Amino acid sequence: SNTHYVVNNFNNSLVSWWRGDGNALDELGRNNGTLTGNANATSTGMFNKSFGFDGTGDYVNAGDISSLEGIQKFSVSTWIYSGDISTYYLSVFGKHNDVNNRMGLMNSDAGNGGTNDLFVYVITSGSGYAYTNDNWLQLNTWYHAVMVFDGTQSTDATKLKFYVNGVQKTLYFSGAAQPTITASG
């Protein structure tokens with residue numbers, strides 16, 4: 001089959017782009033990753049190849065991306081395909097220093113949506129996160145997921161937004177969305 005990509009002329013606001021197309025290299029050359037555990041970059045993807053994880057200690061380590069620290073606005077865009085939604089807290093994306101300084105997105109638990117829902121979180125002190133609660137994540141299905149954070153906004157619902165296949169999901173908040181990202185690690 002013929003594969004076609006439309007590549008925008010990215011400006012310097014794009015931090016990184018990991019295609020997972022046979023390796024963990026950042027397409028922009030800024031934050032190359034390392035495949036860890038049984039992670040691979042040769043699984044069948046939505047477009048060509050993708051990262052593959054078996055759910056046991058696998059991840060792509062892109063190091064401490066310092067350009068994400070102290071920012072008030074960001075978005076993360078990813079394709080998700082899950083072969084397991086029975087296990088809690090499988091991370092899709094994360095930047096963590098400790099339990100009080102982190103940001104990311106992972107599948108939920110039974111008390112916060114369910115394993116077929118996602119947590120989205122930006123935490124700089126204490127515990128604050130949001131989650132979907134409509135059981136949208138299904139096995140063996142591709143989804144385009146986008147997390148949007150704007151710490152300059154005044155309410156949790158306007159600071160943190162989450163989209164699946166272009167449709168904004170309702171988020172349920174526990175704690176408060178933070179104004180900036182301070183996580184290092």
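Criteria and cut-off values
- Residues numbered from 1 in each chain as written.
- Predicted model: local features only at pLDDT ≥ 70, side-chain atom pairs only at ≥ 80, totals over all residues.
- Heavy atoms only, no water.
- Pairing = 2+ DSSP bridges.
- Helix = DSSP H or I, 4+ residues; strand = E, 2+ residues; numbered from the N terminus.
- Buried < 20%, exposed > 50% of the residue type's maximum accessible area, 1.4 Å probe, protein only.
- Lys, Arg positive; Asp, Glu negative; His and termini not counted.
- Salt bridge = Lys/Arg side-chain N within 4 Å of Asp/Glu carboxyl O.
- Polar contact = N/O pair within 3.5 Å; in protein donor to acceptor, adjacent residues only side chain to side chain.
- Core = buried A, V, L, I, M, F, W, Y, C linked by side-chain atoms within 4.5 Å.
- Contact = heavy atoms within 4.5 Å.

### Observations regarding the pairing of strand β2 (residues 40-44)
Each regular strand shows side chains that alternate between the opposite faces of the sheet.
Point 1. In the sheet, β2 pairs with strand β3 (residues 49-52) via three bridges, with the strands oriented antiparallel. Residue pairing across strands places threonine 44 opposite lysine 49, the latter belonging to β3.

### Some points on the side chain of aspartate 117
Point 1. Structurally, aspartate 117 is set in the loop between β7 (101-107) and β8 (118-123).
Point 2. Salt bridges are absent for the buried aspartate 117, whose nearest opposite-charge side chain, lysine 169, sits at 6.6 Å.
Point 3. Within the structure, the side chain of aspartate 117 is placed 2.9 Å from the side chain of threonine 132, a separation counted as a polar contact.
Point 4. In terms of polar contacts, aspartate 117 uses its side chain to reach the backbone amide nitrogen of asparagine 133, at 3.4 Å.

### What about the nonpolar core?
Point 1. Counting 24 residues, the largest nonpolar core has Phe74, Val120, Val122, Trp136, Met147, Leu160 and Phe162 as the members making the most contacts within it.
Point 2. At the level of secondary structure, the elements contributing two or more residues to this core comprise β5 (73-81), β7, β8, β10 (142-150) and β11 (160-164).
Point 3. The leading source of residues in this core is β10, at four residues.
Point 4. The residues touching methionine 147, leaving out its near neighbours within four places in the chain, are Phe74, Ser75, Val76, Gly104, Leu105, Val120, Tyr121, Val122, Leu160, Lys161 and Phe162.
Point 5. Grouped together as the second largest cluster of nonpolar side chains are six residues, Phe119, Tyr121, Tyr129 and Tyr131 included.

### What about the pattern of salt bridges?
Point 1. This model, assessed by the stated rule, comprises three salt bridges.
Point 2. For aspartate 21, the salt bridge goes to arginine 19, with nearest N and O atoms at 3.1 Å.
Point 3. Looking at aspartate 21, the relative accessible area reads 25%, which means it is partly exposed.
Point 4. Given the relative accessible area of 25%, arginine 19 is considered partly exposed.
Point 5. The salt bridge partner of arginine 19 is glutamate 27, with a shortest N-O separation of 3.5 Å.
Point 6. Through salt bridges that share partners, Arg19, Asp21 and Glu27 make up one connected network.

In short, geometric facts, not functional conclusions.
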